[in-house]
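As a plain string of letters, each chain reads:
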Amino acid sequence: MSLHKHTPRIVTRTHELRLALKGVREGGRTIGFVPTMGALHEGHLSLVRAARAECDTVVVSIYVNPTQFGQGEDFDRYPRDLDADTQRLSDIGVDWVFAPTDTEVYPPGFDTWVQPGKMAASWEGKCRPGHFRGVATVVLKLFSMVGPDRAYFGEKDYQQLLVIRRMVSDFNLPLTICPHPTVREPDGLAMSSRNAYLSPEHRRQARVLSQSLFWASEQVASGEQSAEKLVTGMRQIIAKAPDAAIDYVAIVDPDTLVPVSTVTTPVQSLLAVRIGGVRLIDNARLIPSASP
Ligand code: PAF
């Protein structure tokens, strides 16, 4: 395990990375991997710290994957600052930053895709057609390029986490997926690179997302079992933000993402809301007090 903080080495080519990691693998040392699209915040850094604590070598990828953005989404304006990101990582002691180019990931003639099934059909998958196909394809490629033992994902993108777990299991990929809790701002807003798009007024209004989740969590802990009542109450809280437009608010089974009507065991609440046109997602586990 490397004990010293140092500037990570940046590689852009898969063969360079493979060569660099060959010795690590042959020496029986473990590789921890955090895939990102850059614009790193505390949420990412908490994943990197976990990888640093649990693995001998840490690789962070920074790649804004075009194929997971739909038409009219924010691909062009997605924040990109490799120097600032690398600086943030050097404080934690990351070994390698893998920053591939588009042609490295999608060379001319690229024509093979991962099409996730049922897990990707609802919620984000419905609102953003093709999104999870792009995510699953790039994540499979990154796994194959890096060859990690452990890969770290935030629970903030809950459905993404489930889609990737499914893929890892379905394709017998030889790695462990390590989920980590959502990191929140002091007022509850889940950390996200897209928060940077919010105006000060919309940033203030965005608190309704976590407020609605915290409210639902308290309701369930104190005995509320009706998913319909929970969704109605959450919608009312979100509607207090004048510029909020809801894509979905749902109470679902945490493993299948199928909506539940009665909450007697732990469930997941998922939501996607646009605040002044900025699309944010968040989720929380709701646990009935008497549940195991
Ligand atoms: O969660 C993200 O940042 C992206 O979806 C990922 C996993 C890096 C794939 O591009």
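Relevant structure appears above.
These lines cover the structure that appears in this document, whether it is placed above or below. (Residues numbered from 1 in each chain as written. Predicted model: local features only at pLDDT ≥ 70, side-chain atom pairs only at ≥ 80, totals over all residues. Heavy atoms only, no water.)

When two helices pack together, their arrangement is captured by the angle between the axes and the distance separating the axes. Two numbers describe how helix 6 (residues 131–146) lies on helix 7 (residues 158–170): the axes approach to 10 Å, and their chain directions differ by 55°. As far as their axial angle goes, helix 7 and helix 6 are oblique. Of the two elements, helix 6 crosses helix 7, and the hand of that crossing is right-handed. Along its contact with helix 6, which presents F132, V135, A136, V139, L140 and F143, the element helix 7 presents Q159, Q160, V163, I164, M167 and V168. Taken together, the residues of the contact of helix 6 with helix 7 sort by class into 10 nonpolar, 2 polar and no charged. (Axes fitted to C-alpha atoms, helices over the stretch in contact; angles between N-to-C directions. Helix = DSSP H or I, 4+ residues; strand = E, 2+ residues; numbered from the N terminus. Parallel < 35°, antiparallel > 145°, perpendicular 65-115°, else oblique. Left-handed = near helix turned anticlockwise from the far one by under 90°. Contact = heavy atoms within 4.5 Å. Nonpolar A, V, L, I, M, F, W, Y, C, P; charged D, E, K, R; others polar.)

A word on the packing of helix 1 (residues 14–26) against helix 6. Put simply, helix 1 and helix 6 touch, their axes get as near as 9 Å, and they point 55° apart. Classed by the angle they form, the pair helix 1 and helix 6 counts as oblique. Contacts between helix 1 and helix 6 involve T14, L17, R18, L21 and R25 on the former and, on the latter, S144, M145 and V146. Here the residues of the contact of helix 1 with helix 6 sort into 4 nonpolar, 2 polar and 2 charged.

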